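Structural description and commentary
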Amino acid sequence: MNLKLKALTKSLWVFHLAASPCNNCDIEILDALTPRFDLERFGIQLVGSIRHADAILVTGSMNRKSSERLKRVIGQAPKPCFVIAVGNCSCSTEMFGKSYNETKPLDSVVPVDAYIVGCPPKPEAMIQAVAALVEAKLAAARKQG
Amino acid sequence: MARSKTIIPIGPYHPLQEEPEFFKLHVEGERVVELEIELGYNHRGIEKLAEDLSYDQVPFLVERICGICSSSHPFAGVMATEDVAGVEIPERAKYIRTFIGELERIHSHLLWLGLAGHFLGYNTVWMWAWKYREPVLDLFELLTGNRNHYGMMKPGGVRRDFADEDLAQAVKVLDSLVKPTMMFRDVALSDPVLQARTKHIGVLSKQDCIELGALGPTARASGVPIDVRKDHPYAAYDRVDFDIVTATNGDIFDKVVVRVLEILESIKICKQCCQKLLTVKDGIDANLTDIPPGEGVGTHEAPRGEVIHYIRSDGTNRPVRYKIRAPSFMNVPTNKRAVVGYTVSDATITLAAIDPCYCCTERTVVFDAATGKALMTGKDLLALSHEKTRNLREKYSSRMDKIWI
Amino acid sequence: MADEVIQGFRERFGSAILEVHEKSPRRTFIAVDPKRLPDIAEYCYKELGCRFSIATGTHLTGGVEILYHFALDRAHRFLNLRVVLDLEKPSIESIAARVPAAEWVEREMHELLGIEFKHHPDMRHLLLADDWPDGSYPLRRDWKAGGDGDNGKK
């Protein structure tokens with residue numbers, strides 16, 4: 001199997017990017033690192049630079065002030081890199097779609113690998129989603145041979 | 001001519017071109033000489049969106065202004081609606097609202113305590129504060145169906161009732177929080193490194209607070225005794241016993257102590273509400289059907305300070321105007337006075353001390369005041385803060401009876 | 001206490017106090033002459049000891065209204081000062097120099113409603129992007145999204 005992909009699926013390093021969130025998803029992401037869920041025992045940790053990211057968790061909708069910039073930031077991540085939309089706002093703009101500040105869902109700006117719905121999604125949902133994503137990528141890679 | 005000193009170089013990731021900054025610090029050497037604040041990255045046009053929704057839909061929208069104090073906006077909003085209509089809600093609904101508001105204060109202050117610990121380099125404080133926060137979120141899930149965004153407030157009352165056996169569980173959880181909270185209080189009062197990091201740092205004077213209209217623990221830590229729960233009593237706050245907590249120096253230390261002691265007061269209030277809810281059973285909904293033309297104001301003491309909502313009605317089922325003001329709108333400008341004059345390694349904790357949203361403190365950039373050159377990001381500032389704590393720990397290690405971390 | 005406060009306003013500002021509506025013991029709405037508003041606001045803040053809570057701008061059919069919400073905390077009361085400005089070119093003197101807490105909300109009302117606050121120290125955008133089109137005020141009732149401002153969801 002592709003060595004890069006194999007390496008990617010172990011100890012995922014995650015970069016958190018907030019677009020225009022209410023912060024609930026961000027707090028639940030941080031919560032996943034705290035003792036009850038303790039993601040760090042899987043080697044998953046939040047990194048300070050997007051250059052080190054294997055996965056990018058994006059919360060909140062894109063808006064007029066942030067869309068272009070976030071597109072560029074995500075473009076900076078070394079590939080392969082999973083882009084994960086966390087929460088209803090980044091999946092679909094939730095109830096902010098008609099805003100005059102031009103809110104948009106994440107996949108209108110960059111391709112998205114996984115959608116974690118919820119307002120906010122529970123940490124268990126996020127862990128399940130990341131595990132499912134990794135499994136799906138591995139299965140796809142195995143198929144390719 | 002000011003000499004600049006590159007403390008930590010900016011990495012290959014340049015936030016300047018990418019993410020909108022919230023705080024721009026200008027430094028001369030190690031001293032912060034100016035702070036620029038830029039809002040708007042989070043602007044979703046909620047006031048305008050509210051004009052297209054009916055009065056019973058609006059609480060769901062405004063709940064999502066802030067995830068941490070998510071019931072505080074609906075709380076103020078439904079009270080503004082009831083103010084327009086001139087309606088009283090049942091007493092049981094008042095106790096339930098009060099309980100939710102105070103439980104939220106507990107979780108929010110524990111959250112802040114954890115983040116403050118993280119910013120100071122005490123990751124154990126972060127982990128422990130959030131560990132003790134989990135049972136509070138479990139309690140929310142038990143009582144309301146969700147860990148956050150509980151959807152409890154509606155014009156006329158509350159959307160769900162509490163069962164007596166759930167109240168018993170609530171009291172158990174509240175009792176279990178007292179000891180850990182006292183532990184945090186004792187740590188704050190005795191740890192020399194924590195005191196060295198927070199005493200006389202980021203001082204906001206009483207005069208500054210009054211001039212800028214600062215609110216909540218930010219103001220109370222500077223000796224301004226304002227609290228909506230006492231100044232404009234609402235819900236069941238005039239029927240429960242509690243004290244408001246104030247301090248005098250307005251430094252970071254006082255802000256820590258005020259919030260920790262407020263957790264203890266909130267536990268007191270919640271337990272009294274649980275007691276009353278066993279006997280006060282007059283309904284949870286005033287069954288409001290019409291909002292007459294007029295206007296109303298609703299205010300609530302959120303964990304960060306006064307939330308105010310104003311509604312203008314023309315008698316239809318949608319507001320003509322829906323004004324929202326979160327407490328951080330008044331507290332954030334105080335950073336200009338609290339951060340300037342102190343060192344850049346204290347910037348992170350000072351900016352965080354007013355309890356803004358977490359993402360705001362991430363979006364910080366430091367510029368050299370003389371050349372305008374970017375020196376470091378929010379994450380670098382965090383590393384600086386951790387370094388200062390490490391150095392202080394070495395300095396105080398002989399004086400410390402127990403190693404906290 | 002209630003009567004004393006209103007009495008104080010009338011004695012001090014006479015005909016500049018246009019109308020007083022005591023909606024409830026805790027909510028008083030006082031319509032005032034826009035030209036005297038800065039003096040009355042300063043009186044609330046400095047002499048009555050009110051706390052400036054926020055201001056609401058509303059675009060109505062008869063004019064652009066601003067409500068300045070002052071909290072008289074010790075009396076459990078909100079004094080809401082109302083001014084009605086010209087519909088086409090709403091303009092009023094800024095109170096930021098006298099009531100520093102009002103600085104940000106005046107910037108917000110300017111960019112969202114197009115109200116001119118004369119002598120305001122810093123009229124930059126507060127919430128809207130710097131490239132937001134001039135003359136486009138989203139909180140006005142007749143604001144329509146157009147061009148690149150349209151979410152395309154109408």
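Residues numbered from 1 in each chain as written. Chains lettered and ligands numbered in written order. Predicted model: local features only at pLDDT ≥ 70, side-chain atom pairs only at ≥ 80, totals over all residues.

1. Topic: the nonpolar core
The biggest cluster of nonpolar side chains holds 206 residues, and the ones touching the most others in it are Ile56, Val58 and Ile84 of chain A together with Leu81 of chain C. Beyond its immediate sequence surroundings of up to four residues, Val58 of chain A is in contact with Leu17, Ala19, Val83, Ile84, Ala85, Val86, Ser90 and Leu106 of chain A. (Core = buried A, V, L, I, M, F, W, Y, C linked by C-beta atoms within 7 Å. Buried ≥ 20, exposed ≤ 12 C-beta atoms within 10 Å, placed from the backbone. Contact = placed C-beta atoms within 7 Å.)

2. Considerations on the interface of chain B and chain C
Where interface size is given, it is often the accessible area lost as the parts come together that is meant. Contacts between the two partners involve 24 residues from chain B, matched on the other side by 22 residues from chain C. Elements that contribute at least two residues to the side of chain B that touches chain C include exactly α2 (46–50), α9 (206–212), β6 (305–313), β7 (319–325) and α13 (328–331) of chain B. A total of four residues in the side of chain B that touches chain C trace back to one element, the largest contributor, which is β6 of chain B. Among the residues forming the side of chain B that touches chain C, the class breakdown is nine nonpolar, five polar and 10 charged. (Helix = DSSP H or I, 4+ residues; strand = E, 2+ residues; numbered from the N terminus. Nonpolar A, V, L, I, M, F, W, Y, C, P; charged D, E, K, R; others polar.)

3. Notes on the sheet that holds strand β2 (residues 45–46) of chain A
Residues and elements named next belong to chain A. On the basis of which strands lie adjacent, the open sheet formed by five strands has the order β2-β1-β3-β4-β5 and parallel pairing. Strands with a single pairing partner mark the edges of an open sheet, and in this sheet they are β2 and β5 (114–116). Direction of pairing for strand β4 (residues 82–86) relative to β5: parallel, over a ladder of three bridges. By the bridge assignment for β5, Ala85 is matched with Tyr115. In the packing of helix α5 (residues 123–144) onto the sheet, the strands contacted are β4 and β5, and the crossing angle to β5 comes to about 165 degrees. (Pairing = 2+ DSSP bridges. Axes fitted to C-alpha atoms, helices over the stretch in contact; angles between N-to-C directions.)

4. Quick notes on the pairing of strand β3 (residues 55–59) of chain A
Residue and element names in this part refer to chain A. Counting buried positions along β3 yields five of five residues, so the element is predominantly enclosed. Judged from the five bridges that link them, strand β1 (residues 13–18) and β3 form a sheet pairing that is parallel. When the bridges of β3 are listed, Phe15 appears paired with Ile56. Across five bridges, β3 lies against β4 in parallel orientation. Bridged to Ile56 within β4 is Val83. The parallel pair β3 and β4 is bridged by helix α3 (residues 67–75), and the resulting crossover is right-handed. (Right-handed = clockwise from strand over helix to strand, strands pointing away.)

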